[in-house]
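# Reading the structure
Chain by chain, the residues:
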Amino acid sequence: MDKMKNATILDGKATAVKVREEVAACTAKLAEHGVQPGLAVVLVGDDPASHVYVRNKDRAANGAGFDVRTVRLAADTSQQDLEAEVRKLAVDDKVHGILVQLPLPKHLDSTPVIESIPPAKDVDGLTLASVGALALNQPGMRPCTPAGCIELLDRAGISIEGKHVVIVGRSMLVGKPIANLLLARNATVTICHSRTKDLKGHCLQADILVAAVGVPQLVKGDWLSADCTVLDVGINRTDEGKLVGDVDFDAASQVVSAITPVPGGIGPMTIAMLLVNTFFGAAQSAGLSPKELGWKP
Ligand code: NDP
């Protein structure tokens with residue numbers, strides 16, 4: 001990890017490369033058992049950001065030796081047709097992971113589409129079964145972005161137990177699942193949102209701050225303490241076309257102990273965890289444990 005200004009920069013890009021290499025090595029071992037992890041990505045419509053995300057996921061999964069299938073559907077696809085496509089993938093033995101790229105066009109309801117994914121193939125961890133398993137601390141697929149945050153902390157040697165983690169954002173995709181993952185690791189968790197009073201005061205209490213808001217540079221340098229580790233999940237494009245996070249990186253990195261950059265922080269870790277989940281699903285379908293295939297972490 002680089003030392004820049006005062007803060008350690010938590011290099012999600014480099015860490016994700018390492019995770020992906022480990023998945024690729026285990027995938028090669030799985031191939032000896034005649035199984036290739038299969039990932040199906042369902043993309044509806046032509047949202048440019050979704051196309052970029054899907055391309056990056058395709059590339060990473062191909063690089064790890066996966067069989068990747070992208071199902072591209074027109075923007076005016078009906079609810080019925082979309083659910084039928086997902087159900088086809090659900091019964092396809094060669095597919096171990098199904099991801100429906102969100103958001104869907106406005107006329108579509110994502111809930112029944114997601115529920116068409118069997119929990120064992122729910123690599124995004126968004127079905128009711130996966131959400132319930134996480135809440136009950138039972139085995140199951142964990143959502144990739146929160147899992148990527150934890151993986152990055154672990155690999156950077158930053159302990160979680162007993163720490164006060166302040167999460168800004170309470171979405172089903174990031175805020176809530178990361179709260180549960182952190183509780184399972186014995187953190188003390190505070191969740192903030194748009195109605196929270198004295199957000200700055202809460203942030204100043206954080207040993208670890210997770211920003212998942214979607215408001216460019218909302219969290220200022222003087223909202224953070226010197227010992228804080230900052231995980232900036234936000235990806236926002238400015239009017240000038242620059243990508244920035246939910247934290248004012250330049251100011252925060254002068255103050256805190258460690259921080260993730262945007263881009264190059266949580267984003268690459270999210271994709272790496274998608275590969276991990278798909279690999280786990282493929283191993284399970286072959287009746288093998290990841291450990292038997294050389295998975296160490
Ligand atoms: P959502 O819009 O679903 O949720 C945003 C949350 O932030 C809500 O809980 C909302 O509160 C809260 N919030 C909004 N404004 C404020 C404010 N001024 N003060 C305090 N809280 C506020 O977003 P997501 O969780 O899906 O995504 C958050 C960010 O993370 C986005 O920038 C997104 O692009 C990025 N992202 C990045 C990923 C990655 O791979 N790195 C993956 C997923 C998302 P309330 O509930 O009260 O409305």
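Residues numbered from 1 in each chain as written. Predicted model: local features only at pLDDT ≥ 70, side-chain atom pairs only at ≥ 80, totals over all residues. Heavy atoms only, no water.

### Some points on the packing of aromatic side chains
Within this structure, the stated rule accounts for three aromatic pairs. Taking 5.9 Å as the distance between ring centres and 65 degrees as the angle between the ring planes, the aromatic pair formed by Phe279 and Phe280 counts as edge-to-face. On the basis of relative accessibility, which here comes to 30%, the residue Phe280 falls in the partly exposed class. Between Phe280 and Trp295, the ring centres sit 5.8 Å apart and the planes meet at 85 degrees, which makes this aromatic pair edge-to-face. Taken together, the residues span a long stretch of sequence, with Phe280 in helix α10 (residues 266-285) and Trp295 in the segment after α10 at a distance of 15 residues. Counting every residue linked through ring pairs, the aromatic cluster contains Phe279, Phe280 and Trp295. (Phe/Tyr/Trp six-rings, centres within 6.5 Å; stacked < 30°, edge-to-face > 60°. Buried < 20%, exposed > 50% of the residue type's maximum accessible area, 1.4 Å probe, protein only. Helix = DSSP H or I, 4+ residues; strand = E, 2+ residues; numbered from the N terminus.)

### Quick look at the domain arrangement of the chain
For interface size, the figure often reported is the accessible area lost on association. As assigned here, the chain comprises domain 1 (33-118) and domain 2 (144-266). The centre of domain 1, based on its C-alpha atoms, is set 28 Å off from the matching centre of domain 2. (Domains from an automatic or database assignment.)

### A few points about the pairing of strand β3 (residues 38-44)
With seven of seven residues buried, β3 lies mostly within the body of the structure. Two elements, β3 and strand β4 (residues 67-73), share seven bridges in a ladder whose sense is parallel. What sits directly across from Leu39, in β4, is Val68. Handedness of the β3-helix α2 (residues 48-63)-β4 crossover: right-handed. Strand direction decides the pairing type here: β3 and strand β5 (residues 97-100), joined by four bridges, are parallel. Along β5, the bridge assignment pairs Val42 with Val100. (Pairing = 2+ DSSP bridges. Right-handed = clockwise from strand over helix to strand, strands pointing away.)

### Concerning the environment of Gly148
Of note, Gly148 is situated in helix α6 (residues 144-155). Considered as a pair, Gly148 and Met269 are 121 residues apart in the sequence and their alpha carbons are 4.8 Å apart. Discounting residues that sit within four places of it in the chain, Gly148 has contacts with Met269 and Met273. (Contact = heavy atoms within 4.5 Å.)

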